[in-house]
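# Structural features, examined
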Amino acid sequence: MTGLPNARLYAYWRSSASWRVRIALNLKQIPFAIVPVHLVRNGGEQKSAENRERNPMAQVPTLEWDEPGGQTRRLTQSLAIVQLVDALCPGPALIPNDPFVRARAWEIAEIVNSGIQPLQNTGTLAAVRELGGDPAKFAHDAIEKGLHALERLVASSDTSFCVGETPCVADLCVVPQLYNARRFSVDLAPFPRLVAIDAACAQLSAFELSHPDVQPDAEPS
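This one's a predicted model, so the numbers in the text were calculated from it and none came from an experiment.

Thresholds, definitions, all that
The numbers attached to residues start from 1 for each chain and follow its sequence in the written order. Note on the predicted model: pLDDT of at least 70 is required for a residue's local features to be given, and 80 or more for side-chain atom pairs to be given and counted; whole-chain, interface and lining totals, by contrast, use all residues. Note: side-chain values were computed over all heavy atoms of the structure, leaving out hydrogens and water. Helix and strand assignments follow DSSP, with helices taken as H or I runs no shorter than four residues and strands as E runs no shorter than two, numbered in order from the N terminus. Each residue's exposure class comes from its accessible area (1.4 Å probe, protein chains only) as a fraction of the maximum for that residue type: buried when under 20%, exposed when over 50%, partly exposed otherwise. In what follows, residue pairs with any heavy atoms lying within 4.5 Å of each other are defined as contacts. Fitted lines through C-alpha atoms give the axes, limited to the stretch in contact for helices. The angle between two N-to-C directions lies from 0 to 180 degrees. Roughly parallel here means an angle under 35 degrees, roughly antiparallel means over 145, roughly perpendicular means 65 to 115, and every remaining angle is called oblique. Crossings are assigned a handedness: left-handed for a near helix turned anticlockwise from the far helix by less than a right angle, right-handed for a clockwise turn. We define a nonpolar core as any set of buried Ala, Val, Leu, Ile, Met, Phe, Trp, Tyr and Cys residues linked to one another through side-chain atoms lying within 4.5 Å. Any helix carries an expected span of 1.5 Å times its number of residues minus one. Polar contacts, as used here, are pairs of N or O atoms within 3.5 Å; protein pairs need one atom able to donate a hydrogen and one able to accept it. Residues neighboring in sequence count only if both atoms are side-chain atoms.

Moving on to the environment of N6. Position of N6 relative to the elements: it lies in the segment before β1 (7-11). The exposed category is assigned to N6, whose relative accessible area is 52%. With near-sequence residues (within four places) excluded, N6 lies in contact with E64, W65 and D66.

What follows concerns the packing of helix α5 (residues 122-130) against helix α6 (residues 135-154). Look at α5 against α6: their axes get within 8 Å of each other, and the N-to-C directions meet at 130 degrees. Overall, the two elements α5 and α6 adopt an arrangement that is oblique. Note on packing geometry: the crossing formed by α5 with α6 is right-handed. Residues T124, L125, V128 and R129 of α5 lie in contact with α6, whose contacting residues are P135, F138 and A139.

So, about the nonpolar core. Grouped burial of nonpolar side chains is what soluble globular proteins tend to show. By size, the foremost hydrophobic cluster in this structure holds 46 residues, and its most contacted members are I108, L147, L150, C162 and L194. Counting only elements with at least two residues in this core, the list comes to α1 (16-27), α3 (78-88), α4 (99-116), α6, α7 (169-183), α8 (192-202) and α9 (205-210). Ranked by residues supplied to this core, first place goes to α7 with nine residues. Within the second largest apolar cluster, 12 residues are counted, among which are L9, A11, I81 and C89.

Let us now look at α6. The end-to-end C-alpha distance of α6, which contains 20 residues, comes to 29 Å, matching closely the 28 Å that a straight helix rising 1.5 Å per residue would cover. Listed as buried for α6 are P135, A139, A142, I143, G146, L147, L150, E151 and V154. The inward-facing, buried residues of α6 contact α4, α5, α7 and α8. The backbone nitrogen of A136 has a side-chain oxygen 3.1 Å away, supplied by the residue at the start of α6, namely D134.

In structure tokens, the structure reads:
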């Protein structure tokens, strides 16, 4: 198998995790259809029985495709999907070959995936609000802390992207996180290297096509 026939991505336009997968699919030039799942409307469409059947965590994204012979397959969790796409589909490598560089790329990706993004997603911020906290400040502080860690990891490199001269899984995570940093009014002046990486990615069509503002379910800012 060298592709993902009739691929459908169940996603929300502004979901960081969905965005990572869109970038991966576009970098690999894999055709796919977006099936919107609104994370706020009607209490959150991700919580519906239909979506739970696809995604037991009641989240997005879910990638679904049809195998030859009619079998439908699904996979959830953005980094698992990125790894599958990289293994199955020819094109630019999303996961570096060198063992240390590969580990560094996953380190950067996991700081975003595990250490920042879950603390500023809609469910967490709703819980902060219910407990009497300030969700905007909570998200701002979590993002700022994570960006300081990321900047230290990439500051010594003079490559165009996080760990090399082509985008990889690390860049797929950093770009959406910087978008969220701007949403929560984080000052990006202390993070010049991250900003430069974000700018380099923005020049590539795969990143342009993946941006939230151009998705079929995008809403006015």
